[in-house]
Structure formats: C-alpha cells, structure tokens
Amino acid sequence: MLRFFVRRFAGMIGILLVISLITFYLFFAASGPDDVVQMSCGRFCTEEAKAGVRHDLGLDKPFFEQYWVYMTGIVMGRDIGDRSCSAPCLGYSFSSREPVTERIQNGFPTTLSLAIGAIVLMILIGVGLGVIAAMKRGTRTDKVLTTVAVVAGAFQIFILGPLLLLIFVYETELMDLPKYYAFTDNPGKWATGLILPWICLMVIHMAMYTRLTRSAMVDALNDDYVRTLRAKGLSKRDIYIKHAFRGALSPVATILGIDIGILMAGTVITEFTFSLNGIGRLAVLAVEDSDLPMMMGVVLVAAAITIIANLLVDVAYAVIDPRVRLY
Amino acid sequence: MSQFQVVPDGGGLPTAGGEVEPEAFEKAPAEKAIVGRSPRQLAWIRFRRDKAGVVSGCVVLFFVLIAVFAPLIAKLYGKDPYTHYGNKDPNLLNDYGFPMKPNGGMDGEYWFGVDPTLGRDVFTQLLYGIRTSLLIAVIVVLLVTAIGTVLGILAGYLGGKTDFIVSRAIDVLLAIPSQLFFIAFTPVAIALMVDDSARTETPVVVQFMGVIVVLTIFGWCRIARVLRGQVLSLREREFVEAAKVSGASSRRIVFRELLPNLWAPILIVATVDVPTYVVTESALSFLGVGVQEPTPDWGRMIRKGFDQLSTNPSYIMFPAIAMLLFVLAFNLLGDAVRDALDPKSDR
C-alpha cells in the first residue's frame, strides 16, 4: 500500500514536471520575449516600461533559469518586480494584476460545486436508468431507456445549455440565471443556483453510464454466480442490488474516474455557457486577454487536480472490487 | 474489444468471434454449397441487417454530400455565405440589426432567415459551416489514426524502451484535462505558425492548421492505447510465433500478420472519433478560439445565437438542430460499425 502511494506520487510529480516544462516553454519562450512583454504591458507602452517589464518577468535570463525561478516560486514564493508573491506563487495576472493563485482559489469552489452536483446526478440517474434497463432487459422500457440515452449522448453543452436557459429563464422565467452561492451560506440557494448546469452536465454524460451499467449488469446477470444465487433461492431484489449491481460497478468506476478528473479540472464550456466564474471560465477569459501567467497557472492546477482525482479513483476502485490490489 | 479470428476457407461454418451467423446456419442444410465469406463480407452483411445503422449511415452520407456540393447548392439557391445582404436590402434588418420578419427573417427568399447585425444568409452559412467542421475532423482523424496506429503497434510489438516511452507519453496525455488544454494551446499553435512581425489577419489555412495540430497532438493517445493492448495479446498468439519460426522479418510480421487483425479496432475507433472531433472543433469556435470570421462555422453560429438568446432566440435553432442530427446519426453509425466489425462486444 505504502509502495503504491510512493510510486504513484513520484509518477505524479514526474508528469506535472513534464507538463509544466512544455507549457512554460510554449507560453513564455516559443513566441519570443518581445511578444510576452507586449502582452503584459499592453499596446501603449514606452520602451522604458517595456525594459522594466522584461526585467521584472526575468525574460532577459536563459530559458531554464526562468523555468527554475517559476517552479521554485511555486514552492517558496518569489519577488516579481517590487511585489512579493507568497508561496504557492503562480505569478501575477497580466490583465487584472492580481495574484494568479488568488484568482484560482476564488474560482475553485464554483468548479468543485459544479463537479460534485453533476457527479451525484450522473451516478443517480445515469447509473439508475442503466440498472432499470438491465432489470427490464428486452422489454419496451429497456428500448425506451436505451434510446433516451443515445439521444441524450448526442447533445452538447453549448446546445443543451442555451436550450435550458431559453426554456427556464428567458421564456417562462421560472428560474433566475444560474449563479454560484457558497454552500456554507445557504445550501438551498446553492442547489437551485446550480441546478441548470448540473442537469446539463448530467444529460451530456448520462449516455455512457446508462449503457455501461446496463451491459455490465446484463453480463453479471448471465454469470454463473448469479445462477448459483438463484438456485440458492435468493430473492430477485437481493440478486440485483446486492450482487449483480456490485459486480457491474467496476467498469462504471473506471469511466467515472476519468470524468471526475475532467469535471474537477474545470468544465470550460459549462462555466462559459452559464457565466459561472469557475476555473474553466477563468481559462477562457485568460485566453481572450492573452494573459499568459493566468493560462499557465490554470493549466498546471487543472493537470494537478486531474491527476490527484485519478489517483483517488484508483484507491476507490480497490475498495469497490476486492480483487483489485494496489501495487 | 476482440478481434477477428481466422475464418476457415469454405470449410466449416463461417464464424466470426465464435458467433454463428443465423443466415449461414439456415442455408447450410440446403442444397446450396456452404459459402466461404471473408470477414469483410460478414461485417457488411451484419451491417446491412442493422436498420438503425443503415438509416444513420444514409443521414451521414447526406451530410457529407451537402458538404461536398455546398458551392453547387448555394449557386442553385442563388446566395453565398459571405455577402452582407442586410446592407443591400434595407428591408431585411431593423435599426437594431435584428431581422424584421418573424422567425429570424425566414421567407421564400431566405429559407432559414438572415443572421442578425450582418444580414448574411443562414442557409448557405449552414451548408458551408459543415465543410469547416467535417474537413478538420476528417483530417484530424486520419492523422490521429495514422500516428496512433504506428506508435501503438511499435510500442506493443517492440516492447522495452519504446514501449516505456510511448506508454508514459500516453499516460501524460490521458491525464491532461483536454478541453482546457485545447483552448489554451490553440492560440499558441496559431501564433507560432504566423510571422508575428506582419501583424496582419491570420490566414484561414493557418487557423485550420492550428486547430488540427492541437487536436492531433492530444488525440493520438487513445487509439495508440487500444492498439498497444491488442498487439500485446496478438504478439503471443500461435500464428505470430509460426511466422517468427518460419523466419519472417519484423516488417512482415507487423504488416502482414498483425495489421490485418487490427483493422476492426482501428475502424471502430476512427468512426467514433469523427463526431467527437466535429464537436470539439465546434466547441473551440463556440469559445472563440478556433476558426474565425468570416469562415462559416457551426460552432460560431451557435455562439452568435447564444449571445442573442434573450433577444433573438430563433437564430441558434438551425445550427443547433443541424449539429444534433449530425452527431446523433454519426454516433449511431459508430455503434453499427462496431456491432458489425466486433460482434462479440455488447454495448
């Protein structure tokens, strides 16, 4: 167990180093220091100011030294110009001049709330429909549910999102525009404020879960052990819920692991469509403004979150399925 | 995912993956001799029997034909997607830039209406828009499949250091939140390809190439992983061993022994990938980082409709419905292709 964590942790750091090196090179070195200065300084910038910016950002130093300064800044903090940036320092935004770390910290609760709600709905409804379809396999219910899943799978967030907004907000005015409220302040508002994006994410991802659960359940129901249980005289409900469902969980957990990572790291299009200020929207705005430190920070944080989420899912996998051993 | 077994030449019942073909089974006792069928023929027979597959295949074909013949259709229809008809005809748009007629300006002249503020024809924009998405998606799928196949087979067959490097690269790429990386790197890729000193508008070709390069770099790992796994299991099979013993070169083993067994998974992944990339390309345009004006593009049309959702909701309808239909049809086609090529798998 300990060996597993040490190994995975080392691998994680390795992957993050590779990603950070490549992104840092692409953002800060590939297009040349003049461009970076221009982006930081804006269009109306004197030569003197440009020289100052170039020095402050360390763009006059060799590439690996710049990278080293950036990376040590994350661990220990560093000074940029006359401002000191405390650890974990990801630099200052070019457009708002605020610390990148702070902006990401402010956006994180929104992204996390979005992800958690969407995952809960995905599991409840996506997996739930799959279980029902498997229990009623071959009947009309099964066909209807499978069709629903296929059609839902063809929807995109940027199609379903506007549709939901149109129906619930603009035409009928049943709801307000989605907005993030802190869960700790008002759980009710938190849920109603995010319900539309949650539904949106759920519908988009549902197809995969419904299909996978259904096929895994059907497989499990055809397995020998289920026949044995039937012969033993176990009730149908117990067979479905206690045994077949549990057997079907592993493949679902694999896909869920990938999705959790993706959702936690920022659901770019969802946040953009519903104007929620999470990490994903931060990234879009940073790209629009050519805000390099912001982009770099978001990319790194998102990669780190995805990798950690994947690690946690691997552990959860071992808990669900005792045959899986961590090594 | 399983692969095809060697089908006995006319000897026994034509079986693929252990499943007995019902049709072949019925025919067997008749006076007709048992027909030997190649895996390809079997797959085609299975595909033809799948109603949803055939219908969705026709819909996909319809979209592809539209993309190919867009200029011809536009010519017959008498409009093009670039002209600002709103400037020519003062009766099209009102003072706020919105179409005067209801439903986004739909009438006999402009079938699907005109777009707000500029007064361009929506019908021709839709026709040309699919070209953008489909062209990018098809090129990316071709590149991704080629790169992924080569690297996947190499990693699986050679093992050792090659496998280690390719597998680590796959791990890194799969661990990355792709949506976010696409939007972060597409502008970088485009910026790297143009000469900055010119400071002119980015040529359309470069915009296309930027999107294609980024999608390819992050995309090859999926097919490579699938193929690596397949090769790892195929490598230990008897027919490869036999080829090795008989002195076949690695080249021959890879191309003549392994590759024919890999067509099914390659085709399956490629068919599933096309709609994925159409959607990804549109998403990039929706977020404003992909192909720019005035090249017609579904994603950007949806974005424009979205920006005016509360004031002019009809504009978003056509690109959204078109895209929905296309993706639905292509997804169903992907399922049918998988069922036909890989009958053992269940959805």
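Just so it is clear, the structure is predicted and the values come from calculations on it, not from any experiment.

Draft legend 1. Expanded view of the overall build of chain A. The helix and strand inventory of chain A stands at 13 helices and two strands. With respect to the principal axes defined by its C-alpha atoms, chain A has extents near 85 × 55 × 35 Å. The proportion of buried residues among the 327 residues of chain A is 49%. For chain A, the share of sequence-separated contacts (at least 6 apart) that also reach a separation of at least 24 residues comes to 66%. Accessible surface, chain A as shown: approximately 16,300 Å² in total, 63% of it carbon and sulfur.

Draft legend 2. How the structure looks around the side chain of Ser167 of chain B. All names here are of chain B. Residue position: Ser167 is located in helix α8 (residues 160–174). Of the residues examined, Ser167 reaches a relative accessible area of 10% and is grouped as buried. At 3.3 Å, the side chain of Ser167 forms a polar contact with the side chain of Arg228.

Draft legend 3. The environment of Val268 of chain A, seen in detail. If you trace the backbone, Val268 of chain A turns up in helix α11 (residues 268–273). Here Val268 of chain A falls in the buried class, since its relative accessible area comes to 1%. Separated by 12 residues in the primary sequence, Val268 of chain A and Gly280 of chain A place their C-alpha atoms 4.0 Å from one another. With near-sequence residues (within four places) excluded, Val268 of chain A lies in contact with Gly280 and Val284 of chain A together with Gln179, Leu180, Ile183 and Leu287 of chain B.

Draft legend 4. Quick look at the interface of chain B and chain A. Contacts between chain B and chain A engage 39 residues on the former and 43 residues on the latter. Of the roughly 3,600 Å² buried between chain B and chain A on both sides combined, carbon and sulfur atoms contribute 78%. At the junction of chain B and chain A, the tally comes to one salt bridge. Notably, a salt bridge pairs Arg211 of chain A with Asp335 of chain B, separated by 2.3 Å at the nearest N-O pair. Our count for the contact surface shared by chain B and chain A stands at two residue pairs in polar contact (both at pLDDT 80 or more). Listed by contribution, the elements that provide at least two residues to the side of chain B that touches chain A are α9 (178–193), α12 (250–287), α13 (298–307) and α14 (317–341) of chain B.

Draft legend 5. Here's a closer look at the nonpolar core. By size, the foremost hydrophobic cluster in this structure holds 191 residues, and its most contacted members are Phe27 of chain A together with Trp298, Met323 and Phe326 of chain B. Per-element accounting of this core gives the leading share, 18 residues, to α12 of chain B. Formed jointly, this core draws a minimum of three residues from each of two domains, domain 1 (2–85) and domain 2 (101–326) of chain A. Once residues lying within four places of it in the same chain are set aside, the contact partners of Trp298 of chain B are Phe63, Leu126, Gly129, Ile130, Pro319, Ala322, Met323 and Phe326 of chain B.

Draft legend 6. A look at the domain arrangement of chain A. Residues and elements named next belong to chain A. For chain A, the assigned domains are domain 1 (2–85) and domain 2 (101–326). Using only C-alpha atoms to locate each centre, domain 1 and domain 2 end up separated by 34 Å. Taken residue by residue, the interface counts 16 residues in domain 1 and 17 residues in domain 2. With both sides pooled, the region where domain 1 packs onto domain 2 buries about 1,600 Å², and carbon together with sulfur makes up 87% of that total. Across the domain 1-domain 2 interface, the total number found is zero salt bridges. Connecting domain 1 to domain 2 are zero residue pairs in polar contact (both at pLDDT 80 or more). Within the residue set of the side of domain 1 that touches domain 2, elements represented by two or more residues are α1 (2–29), α2 (33–41) and α4 (63–76). Its residues assigned to classes, the side of domain 1 that touches domain 2 comprises 13 nonpolar, two polar and one charged.

Rules of the game
Residues numbered from 1 in each chain as written. Chains lettered and ligands numbered in written order. Predicted model: local features only at pLDDT ≥ 70, side-chain atom pairs only at ≥ 80, totals over all residues. Heavy atoms only, no water. Helix = DSSP H or I, 4+ residues; strand = E, 2+ residues; numbered from the N terminus. Buried < 20%, exposed > 50% of the residue type's maximum accessible area, 1.4 Å probe, protein only. Contact = heavy atoms within 4.5 Å. Areas by Shrake-Rupley, 256 points an atom, 1.4 Å probe, with all protein chains shown as cover. Polar contact = N/O pair within 3.5 Å; in protein donor to acceptor, adjacent residues only side chain to side chain. Buried area = accessible area lost by both parts, 1.4 Å probe. Salt bridge = Lys/Arg side-chain N within 4 Å of Asp/Glu carboxyl O. Core = buried A, V, L, I, M, F, W, Y, C linked by side-chain atoms within 4.5 Å. Domains from an automatic or database assignment. Nonpolar A, V, L, I, M, F, W, Y, C, P; charged D, E, K, R; others polar.

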